[in-house]
Amino acid sequence: MTDNKKPQAPQESRELTRRNVVVAGTGAVAAVGLGGAFAANAFAGENGGRRETPAAGESSGESCYRLTSEAVEGPYYIDADKIRRDITEDREGIPLTLALKVIDSETCRPIRNAAVDIWHCDASGVYSGYENQGSGGGGGPAPTGEPPTGTPTGAPPSGGPGGGGGGHQEPTDDTRYLRGTWHTDRHGHVTFKTVFPGWYQGRCVHIHVKVHVDGEWTDAGYEGGHTCHTGQFFFDEESVLASAEVAPYSANTTTRTTLTEDTIYDQSGTQGGLLRLKYDKRHIARGVRGSITVGVDPDETHDGQDAPPQPSASASPSVSAS
């Protein structure tokens, strides 16, 4: 991508036609891997990979780390219909600020004007665009019907592995809450405002992400370019259990898959997409901040159709809760 040409920044909540939005496809010549290669001082406390020698031109305080795991796209991706940073719309839930930094894994330099997509389910486990499928179904058709409305007692039930496969499904409705695309700034930063995701049967709590590069921002949005990384962000069990005590999450009676049971998360900590979280343990309802750094490898292509990652040895969650 060309850094000396300043692309036109998108306007908030601009709607795009699907033909103008970058999509994963053939002919991709460069790619991004997520979360791993990151500057040590970008978000204090992230330490999910091996330390490398600082790149030329970088401060001695910055080091690069290996890339995090790629992940399948899942069935519920929709080309970027909404160019916006606040993707909450009318969804209730614990406020979540998601702070990302995109850098080149070889040079540690920030990647500017990359297009970053995120999407996730709401507190009851429902994805916008697929409301008639109800809660559930990470790897195939989700059960039909309305989300559960009862209030459980104690912690949410957990279940074994399941869900999480590929196999894109066409949207069934026009809702687009908890979906959005925005550009990285000259420092490689992009921040989204959303709500803490809920859960559905077969998957642990997670957020999907795609990174696109080499396109151009215009009045119509992001044009051209290619998808360079498809991944997922994950939440430690402590934060999920804390969220389950707060409405509307407390009404979600769907069997929950834990972080260690999930078949997509590879158990490698930050390298696998585990977010660093900050929140007040006594008052999680006041809000959570999640952060992770996105490292890019321009010689790789990951379109979300890769085989699911294989579980590895467990790693300690990267958590900071006051």
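Keep in mind the model is a prediction, meaning the values are calculated, not measured.

Tallying secondary structure elements over the chain gives one helix and 13 strands in all. The buried share among the 322 residues of the chain stands at 56%. Within the chain, contacts between residues separated by at least 24 positions form 83% of all contacts whose residues are at least 6 apart in sequence.

Here the focus is the nonpolar core. If you look at the biggest cluster of nonpolar residues, it comprises 44 residues, and the most contacted ones within it are Phe-192 and Phe-235. Mapped onto this core, the elements with two or more residues apiece are strand S3 (95-104), strand S4 (115-119), strand S7 (189-195), strand S8 (206-218), strand S9 (221-234), helix H1 (237-243), strand S11 (276-279) and strand S12 (288-296). If you tally residues by element for this core, the top one is S8, at five residues. Discounting residues that sit within four places of it in the chain, Phe-235 has contacts with Leu-96, Phe-196, Pro-197, Val-205, His-206, Ile-207, Val-240, Leu-259, Leu-274, Leu-275 and Leu-277.

Here we come to the packing of aromatic side chains. Inspection of the entire model under this criterion finds eight aromatic pairs. Ring centres of Tyr-76 and Tyr-127 lie 4.8 Å apart, and the angle between their planes is 45 degrees; this geometry places the pair in the tilted category. Placement of the pair is Tyr-76 in the loop between strand S1 (14-15) and strand S2 (82-83) and Tyr-127 in the loop between S4 and strand S5 (158-159), with a sequence separation of 51 residues. For Tyr-76, a relative accessible area of 3% corresponds to the buried category. The exposure class of Tyr-127 is buried, given its relative accessible area of 3%.

Of all 14 residues in S9, 11 are buried; the element is thus mostly enclosed. Across 12 bridges, S8 lies against S9 in antiparallel orientation. Within S9, the residue paired with Trp-217 across the bridge is Tyr-222. Hairpin connection of S8 to S9: two residues between the antiparallel strands.

Attention now moves to unusual backbone geometry. In most cases, non-glycine residues show a negative phi, while peptide bonds are predominantly trans. A cis geometry characterises the amide bond from Ala-247 onward to Pro-248, with omega recorded as 5 degrees. Note that Pro-248 resides in the loop between H1 and strand S10 (256-257). A positive phi is found at Cys-108, a non-glycine position, where the angle reads about 70 degrees. The phi dihedral of Leu-178 is positive, around 60 degrees, even though this residue is not glycine. Within the element layout of this structure, Leu-178 appears in the loop between S5 and strand S6 (179-183).

Now for the pattern of salt bridges. Here the structure, examined in full by the defined rule, presents nine salt bridges. Across the pair Glu-73 and Lys-210 runs a salt bridge whose closest N-O atoms are separated by 3.1 Å. Of this pair, Glu-73 sits in the loop between S1 and S2 while Lys-210 is found in strand S8, placing the two residues 137 residues apart along the sequence. Looking at Glu-73, the relative accessible area reads 9%, which means it is buried. Note on Lys-210: relative accessible area 1%, which makes it buried. The salt bridge involving Arg-286 is made with Asp-280; its shortest N-O contact spans 3.9 Å. Judged by its relative accessible area of 62%, Arg-286 falls in the exposed class. Where salt bridges share partners, they join Asp-90, Arg-91 and Asp-122 into one cluster.

What counts and what doesn't
Residues numbered from 1 in each chain as written. Predicted model: local features only at pLDDT ≥ 70, side-chain atom pairs only at ≥ 80, totals over all residues. Heavy atoms only, no water. Helix = DSSP H or I, 4+ residues; strand = E, 2+ residues; numbered from the N terminus. Buried < 20%, exposed > 50% of the residue type's maximum accessible area, 1.4 Å probe, protein only. Contact = heavy atoms within 4.5 Å. Core = buried A, V, L, I, M, F, W, Y, C linked by side-chain atoms within 4.5 Å. Phe/Tyr/Trp six-rings, centres within 6.5 Å; stacked < 30°, edge-to-face > 60°. Pairing = 2+ DSSP bridges. Salt bridge = Lys/Arg side-chain N within 4 Å of Asp/Glu carboxyl O.

Bear in mind that shape data such as this cannot, by itself, settle questions of function.
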